[in-house]
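Understanding the architecture of this molecule
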Amino acid sequence: MKQSVLISILVLFALALGGNALGQNERPGEGVEVQPAVATWESALPIEAIFRALLEELGYDVQPAQGVSNPIFYQAVAQGDVDYWANGWFPIHNGQLPANFEENASQVGKIVEAGALGGYLVDKASVEEFGITSLDDFKRPEVKEAFDANGDGLADLGACPPGWGCEQVISHHMDAYELENHVNPITAGYSAMFADVVARYNAGEPILYYTWTPNYTTVELVPGEDVMWINVPEILPSEAQQGLEDFMSVSAVEGAVDDPLDMGFVANDIRAVANNEFLAENPAAARLFELIEIPLADVTEITVRISQGENSEREILAMANEWIDENRDAADEWLQEARAAAN
């Protein structure tokens, strides 16, 4: 009798241990504090929130994301001051990586593969009125005058803030295509700049601006209906784009003046970037980063909602959880593989 009781106790003890082990495996990040960063453009926010929510399902204690410019983030992640962000755009960010980057940090997974487009757009009415097909047309006096909103004698271009990868490429274009005396890139905060572009469009004025996908801008001003993508005069890559010339002309772009279109920007991969030590110490997070994929259309949809006022941290995280619930089968597969990597 005593022996059977002892065996029963041992069995129950083993089951209890097994249950604890299983619980730990469900949340391999339990007790680990994670410091993310997030880029300063709105379409970065839904991706960051989805990563955050999935990491929290693995038990990680994810701190509020630090909003930083690209060069500061890449320095910080290489130094270990932040653990990761989900807003790497490659190859356009290659020129912003510090010399010691590959020794200390890594690009992980592909959230969006070769689908993040960037380029210049002009209102459709002006494309038709002036026969605009490329940036080179803004050297023509009548075009330059029509797009000069502030009276400085230059066509106004809604561009990117300093520190963004697109700002560096636009600066390269101004020099490479000899546009400095013809075009004035406006490098204010992007949301404020685009709001001004929309206001001028609604007033019937000509507009020229840069944008990218995924972004709410392509919903507010729809390519092919309101605006048209235009060419650069020729493919002249920046330093970060060297060797990728074939990927700077893109076919089947909705609302383009030509097919293929010489966009002047490489179709980018959106990737997570993380500190190597963090990845080594957190195999569950590392595997999750390798697996997460988010359709461009879904990022755009959430970004539109953010631009329309659902922009608090609580609201953005709620939209991220809503997206995860709608894609629960895929998310559970990612989480299962992440947990298995922690064994």
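Keep in mind that this is a model prediction, so the values were computed, not measured.

Cut-offs applied
- Residue positions within a chain follow its written sequence, with the count starting from 1.
- Confidence filtering applies because this is a predicted model: local features only for residues at pLDDT of at least 70, side-chain atom pairs given and counted only at 80 or more, and all residues used for totals across whole chains, interfaces and linings.
- Where side-chain values are given, they derive from all heavy atoms of the structure, hydrogens and water being excluded.
- For helices the rule is a DSSP run of H or I covering at least 4 residues; for strands it is a run of E covering at least 2, with both sets numbered from the N terminus onward.
- The rule is simple: take the accessible area with a 1.4 Å probe, protein chains only, and divide by the maximum for that residue type; under 20% is buried, over 50% is exposed, in between is partly exposed.
- Any two residues whose heavy atoms approach within 4.5 Å at even a single point are treated as in contact.
- Throughout, the Shrake-Rupley method with a 1.4 Å probe supplies accessible areas, and for residues the shown protein chains are the sole cover considered.
- Neither His nor the chain termini are counted; the positive set is Lys and Arg, and the negative set is Asp and Glu.
- Think of each charge as sitting on NZ of Lys, CZ of Arg, CG of Asp or CD of Glu.
- Any pair of cysteine sulfurs within 2.5 Å is marked as a disulfide.
- The span one expects for a helix is its residue count, reduced by one, times 1.5 Å.
- For our purposes a nonpolar core is just a set of buried Ala, Val, Leu, Ile, Met, Phe, Trp, Tyr and Cys residues, chained together by side-chain atoms within 4.5 Å.
- In short, DSSP must find at least two bridges between two strands for them to pair.
- Each salt bridge in this description consists of a side-chain nitrogen of Lys or Arg and a carboxyl oxygen of Asp or Glu lying within 4 Å of one another.
- Here a polar contact is recorded for every N or O atom pair within 3.5 Å, except that within protein the pair must consist of a potential hydrogen donor and a potential acceptor, and residues adjacent in sequence are included only if both atoms are side-chain atoms.
- Note: pLDDT gives the predictor's confidence per residue, expressed from 0 to 100.

Before going further, it helps to examine the overall build of the chain. In terms of regular secondary structure, the chain is built from 14 helices and 14 strands. Among the 343 residues that make up the chain, the fraction classed as buried is 50%. The long-range share in the chain, meaning contacts at least 24 apart out of those at least 6 apart in sequence, stands at 75%. When the accessible surface of the chain is totalled, it reaches about 15,300 Å², and 49% of it is carbon and sulfur. Averaging the coordinates of the 15 positive side-chain charges in the chain and doing the same for the 57 negative ones gives two points 8 Å apart.

Scanning the entire structure with this criterion turns up one disulfide. The side chain of Cys-160 participates in a disulfide bridge whose partner is Cys-166; the two sulfur atoms lie 2.2 Å from each other. One quick way to see it: the torsion about the S-S bond of Cys-160 and Cys-166 is about -120°, and its sign makes the bridge left-handed.

Our focus in this paragraph is helix H7 (residues 165-176). Along its twelve residues, H7 runs 17 Å from first to last C-alpha, staying within 8% of the 16 Å computed at 1.5 Å per residue. Every buried residue belonging to H7 is among Gly-165, Cys-166, Glu-167, Val-169, Ile-170, His-173 and Met-174, and all of these are buried. Where H7 is buried, its residues touch helix H3 (70-79), strand S7 (118-123), strand S8 (155-158), strand S9 (183-186) and strand S10 (208-212). Glu-178 sits one or two positions beyond H7 and adopts a positive phi of about 55°.

Let us look at helix H12 (residues 296-307). Helix length check: H12, at twelve residues, gives a terminal C-alpha distance of 16 Å against a target of 16 Å (1.5 Å per residue), a fit within 8%. Taken as a whole, H12 has its buried residues at Val-299, Thr-300, Ile-302, Thr-303, Val-304 and Ile-306. Residues of H12 that are buried sit in contact with helix H2 (44-57), helix H9 (217-220) and helix H13 (313-326). Positive backbone phi, approximately 125°, marks Gly-309, located one or two places after H12.

What follows covers the nonpolar core. Ranked by size, the top nonpolar core spans 108 residues in total, and within it Tyr-120, Phe-138 and Phe-289 carry the most contacts. With eight residues, H2 is the largest single contributor of residues to this core. Not counting chain neighbours up to four residues away, the residues in contact with Phe-138 comprise Val-122, Ile-132, Val-143, Lys-144, Phe-147, Ala-155, His-182, Val-183, Leu-208 and Ile-230.

Burial runs high along strand S5 (residues 84-90): seven of the seven residues are buried. Here S5 pairs with strand S14 (residues 268-275) via five bridges, running antiparallel. Among the inter-strand pairings, Phe-90 is bridged to a residue of S14, identified as Asp-269.

A separate point is the pattern of salt bridges. Under the defined criterion, the tally for this structure stands at 16 salt bridges. The partner of Glu-26 in a salt bridge is Arg-339, with the nearest N and O atoms 3.9 Å apart. With a gap of 313 residues between them, Glu-26 in helix H1 (residues 2-26) and Arg-339 in helix H14 (residues 328-341) connect regions that are remote in the sequence. For Arg-339, a relative accessible area of 14% corresponds to the buried category. For the salt bridge of Glu-310 with Arg-305, the shortest nitrogen-to-oxygen distance reads 3.1 Å. On the accessibility criterion, Arg-305 (21% relative accessible area) is partly exposed. Beyond isolated ion pairs, a larger network of salt bridges with shared partners links Glu-57, Asp-325, Arg-328 and Asp-332.

On to the pairing of strand S11 (residues 227-230), then. The two faces of S11 match: Val-227 and Trp-229 on one face and Met-228 and Ile-230 on the other face are all buried. As paired elements, S7 and S11 share four bridges and run antiparallel to each other. Bridge pairing links Val-122 to Met-228 in S11.

On to the side chain of Lys-144. In this structure, Lys-144 sits in helix H6 (residues 141-146). Within the structure, the side chain of Lys-144 is placed 3.0 Å from the side chain of His-182, a separation counted as a polar contact. When near neighbours in sequence (up to four residues on either side) are disregarded, Lys-144 contacts Phe-138, Gly-153, Leu-154, Ala-155, Asn-181 and His-182.

Here we take up the confidence of the model for the chain. Chain-level statistics for the chain give a pLDDT mean of 91 and a share of 93% at 70 or above. Across residues 5-24, confidence stays below pLDDT 50; counting only partners more than four residues off in sequence or on other chains, it has zero contacts.

This part covers the environment of Leu-291. Of note, Leu-291 is situated in helix H11 (residues 283-291). Linking Leu-291 and Ala-114, residues 177 residues apart in sequence, is a C-alpha distance of 16 Å. With near-sequence residues (within four places) excluded, Leu-291 lies in contact with Trp-334 and Glu-337.

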